[in-house]
Each structure stands twice: as C-alpha cells, then as structure tokens.
Amino acid sequence: MATTNLIKTSTACANINIALLKYWGKKEEKLNIPYQSSISLTLDGLYTTSTLTLDPLLTEDVLFINGKRVSEKEQIKIRRYLNLVREMYHRFGFIKVDSYNHVPTGAGLASSASSYASIALALNNIYNLKLDQKGLSSLARLGSGSASRSIYGGFSVWHHGEDHTSSFAEQLSSKWDELVFIVVILSREKKLVSSREAMKLSLETPAYQNFIATSNSLYPKMLEAIKKQDLMRLGPLVETSSELLHSTIRASGIDYYLKETYEFLDYVKELKKRFPLFYTLDAGPNVKILTSRQYLDDIMPFFKQYEIVIAGAGGEAYVQTESTR
Ligand code: PMV
C-alpha cells in the first residue's frame, strides 16, 4: 500500500569491487552479517545503473535486468530484499527496479555488489531514508554482503560487526592510483552454485575455522601493505586470501574454477617469473590480475589472446537523477 499517489523515481550508479581480503560465510543469514572483516578495491568502468520507481499502481515489486523481466527465482530474491527493507525501516509501497549491468552478470565479477549498492542509493531517495554512507552501506549489505563495499570509491573495509547497524563498510583513506586490475574473462556463463548456497555448505566443513583464523591474521598485514602502497607485500597476501577462499570452497565439494581457469593460472605462474603480477578470483571462474600501471605496456602483449578489461580504482556510488510526479 502506497501512502501517496505520487510516482517517485531515482536512478543511481555503483561500481563493482574486487575483494582483496575475501568475505565468505554468514553469521546471520537474513542480514548478511559475516564472520570476518574484508577489504576491497572498487573498480572503474564496471558498474550497474539502477532506476527505481515507487508507483502506487504497482501490485508487487518487479525486477528488470538489462531491459528484461527476470525469472521468478530472481523476482523472489529482490522481493525478499525489499520486504526486509520495508519491515526494518517502516516504509510502504511496491517498487519497479530497472537495472543495467555494465558487467558480465553472474560470472564472478560481483555484479551483485554494484547492483545492490546502486539499488540501496536509489531506495534511500525514494523511501526518504536519509541515511549517511555507513547507513547506505548497511542497506546495500542486506541485498548482498559485498555490496556494502561498493558504496565507496577506492579501498574499503567492511567491518563484520554484530548486527545491522554495526556491520558496515568504510572507505580507507589510502589512494593508490598506480594499482590496476586486469580482469580476464574466461567465461560468461552464469555460475551453477550461488555464493549464498556455497557459503552455507562451507560453514559445515572443518576447513571453515581455518578460513576465519587465517583471514583475520591477513587483515592487519593487508591494511599495512595498502598504507605503504607496497605491491610486493600486498600481492602475495591477495593471492593467499584467494587460495584460502577456493580451498575452503573445494572442501565442500564445489569448484568454481573451470579447466580454462586452471590453464590460465599455469600461464600466470610463468608470467610471474617476468613481471610483478598477482591473481585473485571470487566465486566464479574469471581471474583478476593485480599489478602496477608501470608494467602494463610490457605485460599487455602476453594477454592479447584473452578478453580482458583493465580497471583501476573507481569512484563512489552516486545518484544520477531523482524526480516526483
Ligand atoms: O556478497 P556476495 O554474495 O556477492 O559474496 C561475495 C563473495 C566473494 O566475492 C567471493 C568475496 C568477497 O568478499 O567479495
């Protein structure tokens, strides 16, 4: 039930982020409260734009992605999110969400992060929530944990917290313009197991305790390496976190790597003998290579047979337009 006859619209934009220190596993499922804190870099040029419309004529929430009405399974996900937001913030009225991903959807390139961060910003407007950035980060987290970090530009830290208000991300003051990711797209297929499902399975394995303990020990070291802008310190820590994530996932019988991923990582191993570059993978088969801009010209010829995107640090999420009619 809408409270007025007015139609409110807001469009917001958010970049994806790549976790340098990975998040994996929820202490509280409904609110996406994690067991450990994580660190990420928001990327430039890979983003989602979401237009939300609060329309009194709507009889239910509806989601379109790239102009197409999504499957019922996806509709249920967004309705669960919007219902939770309405319940927690005491708001009313159904919403049409029109998202455009400028990212390959569901291929481990974290389009859920840019999607929910952009949705949270637009929601803040049309529901008049008046949230500050921490509040926006928590609002985005309710949709997808990693989205909490896409509210900010550059580096961010998601403090695990204990409840809805204490689990939010914050921007790190460090600026490191030389740092760059080469995103290597090995597959555009949608993954078979969602991160939510895979996380649940991981929690039941003995490997999970080691994931938490090791991630916690990597955390201060990574903050220090970012502060010092030391690629040779940061790179190995990023690889350790990625390896740890994927060995934890494999312990539950799931492997996000494809044959192409293993082959590509063998190739990376050879390239590492010549260049300072480091790899990381999220819940998908695509590989992100971390390096410094100064090496790009020399490295690029070695990637010409691959579909790649080069992305440095991106800016914060922002509202493009808002209107009431
Ligand atoms: O919040 P989700 O459901 O997008 O899960 C993200 C999990 C990883 O991408 C693997 C790690 C991370 O911290 O982004």
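A. View of the overall build of the protein chain. The helix and strand inventory of the protein chain stands at eight helices and 14 strands. Relative to a compact globule of 325 residues, whose C-alpha radius of gyration would be 20 Å, the protein chain shows 19 Å and is just as compact. Counting only C-alpha atoms, the protein chain reaches 65 × 40 × 35 Å along its principal axes. Looking at the protein chain as a whole, 56% of its 325 residues are labelled buried. Taking contacts inside the protein chain between residues at least 6 apart in sequence as the whole, the part at least 24 apart equals 76%. Accessible surface, the protein chain as shown: approximately 14200 Å² in total, 53% of it carbon and sulfur. Side chains of the protein chain give 38 positive and 34 negative charges; the mean places of these two sets differ by 2 Å.

B. Quick peek at the packing of aromatic side chains. Counting across every chain of the model gives eleven aromatic pairs. Judged by centre distance (6.1 Å) and plane angle (40°), the rings of tyrosine 267 and tyrosine 306 are tilted. With tyrosine 267 in helix α7 (residues 259-271) and tyrosine 306 in the loop between α8 (296-299) and β13 (307-312), the pair connects residues that are 39 residues apart, well separated along the chain. Ring geometry for phenylalanine 275 versus phenylalanine 302: centroids 5.5 Å apart, planes at 65°, classification edge-to-face. Here phenylalanine 302 lies in the loop between α8 and β13 and phenylalanine 275 lies in the loop between α7 and β11 (278-280), a separation of 27 residues in the sequence. Put simply, the rings of Phe264, Tyr267, Phe303 and Tyr306 pair up and form one aromatic cluster. Of note, arginine 250 hangs over the ring of tyrosine 257, and the distance from its end group to the ring centre comes to 4.6 Å.

C. Focus on the packing of helix α2 (residues 111-126) against helix α3 (residues 133-141). The interhelical angle for the contact between α2 and α3, taken along N-to-C directions, is 120°, at an axis separation of 8 Å. Between α2 and α3, the angle falls in the class oblique. The crossing of α2 and α3 is right-handed. Contacts between α2 and α3 pair Tyr116, Ala117, Ala120, Leu121, Leu123 and Asn124 from the former with Leu136, Leu139 and Ala140 from the latter. Residue classes in the contact of α2 with α3 are distributed as eight nonpolar, one polar and no charged.

D. Just the site of the ligand, in detail. For the ligand, the set of nearby residues contains 14 residues, the closest of which are Tyr23, Ser112, Gly145, Ser146 and Arg149. Here glycine 145 contributes a backbone N or O atom positioned 3.1 Å from an oxygen atom of the ligand. Between the ligand and the protein, one listed contact pairs an oxygen atom with a side-chain N or O atom of arginine 149 at 2.7 Å. Here the shell around the ligand is built from residues that sort into six nonpolar, five polar and three charged.

E. Spatial organisation of the nonpolar core. Formed by 49 residues in total, the largest nonpolar core has its most connected members in Trp24, Tyr81, Ile95 and Leu123. Apart from the residues lying within four places of it in its own chain, the contact partners of tyrosine 81 are Tyr116, Ile119, Ala120, Leu123, Leu139, Ala140, Leu142 and Gly143.

Cut-off values and rules
- Residues numbered from 1 in each chain as written.
- Predicted model: local features only at pLDDT ≥ 70, side-chain atom pairs only at ≥ 80, totals over all residues.
- Heavy atoms only, no water.
- Helix = DSSP H or I, 4+ residues; strand = E, 2+ residues; numbered from the N terminus.
- Rg over C-alpha atoms; globule rule 2.2 N^0.38 Å.
- Buried < 20%, exposed > 50% of the residue type's maximum accessible area, 1.4 Å probe, protein only.
- Contact = heavy atoms within 4.5 Å.
- Areas by Shrake-Rupley, 256 points an atom, 1.4 Å probe, with all protein chains shown as cover.
- Lys, Arg positive; Asp, Glu negative; His and termini not counted.
- Charge placed at Lys NZ, Arg CZ, Asp CG, Glu CD.
- Phe/Tyr/Trp six-rings, centres within 6.5 Å; stacked < 30°, edge-to-face > 60°.
- Lys NZ or Arg CZ within 6 Å of the ring centre and 35° of its normal.
- Axes fitted to C-alpha atoms, helices over the stretch in contact; angles between N-to-C directions.
- Parallel < 35°, antiparallel > 145°, perpendicular 65-115°, else oblique.
- Left-handed = near helix turned anticlockwise from the far one by under 90°.
- Nonpolar A, V, L, I, M, F, W, Y, C, P; charged D, E, K, R; others polar.
- Near = heavy atom within 4 Å.
- Polar contact = N/O pair within 3.5 Å; in protein donor to acceptor, adjacent residues only side chain to side chain.
- Core = buried A, V, L, I, M, F, W, Y, C linked by side-chain atoms within 4.5 Å.

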